Amino acid sequence: MFIYYKRVRLGALPKLALSTAKSVFGDPKALSPVSVQIEPTNYCNQKCVFCYRQNNPWRFDNKHMTFAEFKKIIDSMPDLEELLLNGYGEPLLCPDIFKMLEYASSKGIFTKTNTNMSLLTKENAKKLVETGINEVFISLDSVDPKLYEKLRGTKLELTLKGFENLLEARKKAKSNMKITLNFVVTEETIPGMKNIIDYITGKDVLVKFKSLTVTGKNAAKMMHKSVLAINEMKKYAKNKGVNVWFKMKDKSENKPFCYAIWFGSFIDVNGNMAPCCQMPYEYSFGNVLDTSLEECWNSEKFIEFRKALNSRDLSKLPKEIQNRCYNCNFCFNDQIHKLRKIVNNRP
Ligand SMILES: C[S@@+](CC[C@H](N)C(=O)[O-])C[C@H]1O[C@@H](n2cnc3c(N)ncnc32)[C@H](O)[C@@H]1O
Ligand code: SF4
Ligand code: SF4
């Protein structure tokens, strides 16, 4: 028995979902999202060569979510414990971003966002900390000005200034907000890993190495190369007192194929619900703004999707989705422990 939800929030799940849930998670009383990602905007001010947004520009309509829409979504998830407020765009471009974070924090939700730091002026950094946010993921894949500009299309100097402003704002507010540096591991960024560790040494920042989301024939080769480089770097960082986070999904047969879909989903700027951020705009279980959260979360399509992933038979899913799931290193098996802790700690 893995997990037991204490409160039944979404009404009875259809029988199919319950039996599917039973086969993997024991006998959950009900499923209701506890950890979701919401996209507040899909406007962006950078052009990162490795980003899905950059490589599929036609899918992004440059929109901001309104506070009213955000509130509607949050209020429809009474069991929500954790919110990641960013998607394929720069969250600080969203006019209501601080209000959204503040609202979620005021409801006791563990709030997080991911920023490229280019808009972290002193004022914005202060505002961000004051929302009560728990964790800020910052993107930095190189401290070499030329490479940074090549990768992201903007000046490194501005980004580093944003980083300093964030550190200063955290210090001034005596906040225990976590800062986690997201480093995307690619052929080009691997040589600069050491420099990143040196740069953040002593700054109370966790480093998270993100293996590039790649599919196709080079995926395995690139993954192998990344893992070797990361393992090397973990030793280097340890000697410098820097904490590094890197996990690989355990794909062994006796482990559930995907945990993420049992606890939450990705909701894009238009309100479309997708299983996770790996496949927004192309695989939707419905629109939570046009219908309701329940209708999407318990839709037949979502149930069939969970069933397919539980049985490890993805053959009925669209080819692109199969590829994404097979190559996914996103839903880590240790997430279950974290989420179980969250659920067990509920009043
Ligand atoms: C999509 S961005 C959105 C937030 C913000 N625009 C930023 O760049 O920080 C979220 C994170 O995903 C990372 N990322 C972008 N493309 C990626 C890829 N192909 N594989 C893995 N991570 C990626 C970014 O570096 C960033 O840390
Ligand atoms: S800043 Fe973030 S969302 Fe924008 S292109 Fe870069 S990684 Fe993608
Ligand atoms: S891409 Fe990964 S996290 Fe998303 S649904 Fe597939 S297995 Fe789960």
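Quick caveat: nothing in here was measured; it's all calculated off a predicted structure.

Caption draft 1: The packing of helix H3 (residues 67-75) against helix H4 (residues 97-106), seen in detail. Remark: H3 packs on H4, axes separated minimally by 10 Å, with the N-to-C direction vectors making an angle of 20 degrees. When the axes of H3 and H4 are compared, the pair comes out roughly parallel. Like other packed secondary-structure pairs, H3 and H4 cross with a definite hand, here right-handed. Between H3, through Phe 67, Phe 70, Lys 71 and Ile 74, and H4, the contact on the second element is made entirely by Lys 99, Met 100, Tyr 103 and Ala 104. Residue composition of the contact of H3 with H4, grouped by class: six nonpolar, no polar and two charged.

Caption draft 2: Focus on helix H12 (residues 300-311). Compared with the 16 Å implied by 1.5 Å per residue over 12 residues, the 16 Å span of H12 between its first and last C-alpha is a close match. For H12, the complete set of buried residues consists of Phe 302, Ile 303, Phe 305, Arg 306, Ala 308 and Leu 309. Just beyond H12, the residue with positive phi is Arg 312, at close to 65 degrees.

Caption draft 3: Spotlight on the packing of helix H5 (residues 122-130) against helix H7 (residues 156-172). Where H5 contacts H7, the axes come no closer than 8 Å and their chain directions differ by 45 degrees. Of the possible angle classes, the one that applies to H5 and H7 is oblique. Handedness of the crossing formed by H5 with H7: right-handed. Residues Lys 122, Ala 125, Lys 126 and Val 129 of H5 touch H7, and the partners they reach there are Asn 165, Leu 166, Ala 169 and Arg 170.

Conventions adopted
Counting from 1, residues in each chain are numbered in the order their sequence is written. Ligands are numbered from 1 and chains lettered from A, in the order in which they are written. Totals for whole chains, interfaces and linings use every residue, but because this is a predicted model, local features are given only for residues with pLDDT of at least 70 and side-chain atom pairs only at 80 or more, for both listing and counting. Axes, fitted as lines to C-alpha atoms, cover a helix only where it is in contact. Angles between the N-to-C directions of the axes lie from 0 to 180 degrees. Only runs of H or I of at least four residues qualify as helices and only runs of E of at least two qualify as strands under DSSP, and these elements are numbered from the N terminus. Just so you know how the angles are binned, under 35 degrees is roughly parallel, over 145 roughly antiparallel, 65 to 115 roughly perpendicular, and the rest oblique. Crossings are classed by handedness, with left-handed meaning an anticlockwise turn of the near helix from the far one by less than a right angle and right-handed meaning a clockwise turn. The contact criterion used is a C-beta to C-beta distance within 7 Å, with each C-beta placed from the backbone. When residues are grouped by polarity, Ala, Val, Leu, Ile, Met, Phe, Trp, Tyr, Cys and Pro land in nonpolar, Asp, Glu, Lys and Arg in charged, and all others, Gly among them, in polar. Expected helix span is computed as 1.5 Å times (number of residues minus one). As a rule, residues whose C-beta atom has 12 or fewer other C-beta atoms within 10 Å are exposed, those with 20 or more are buried, and those in between are partly exposed; C-beta atoms are placed from the backbone.

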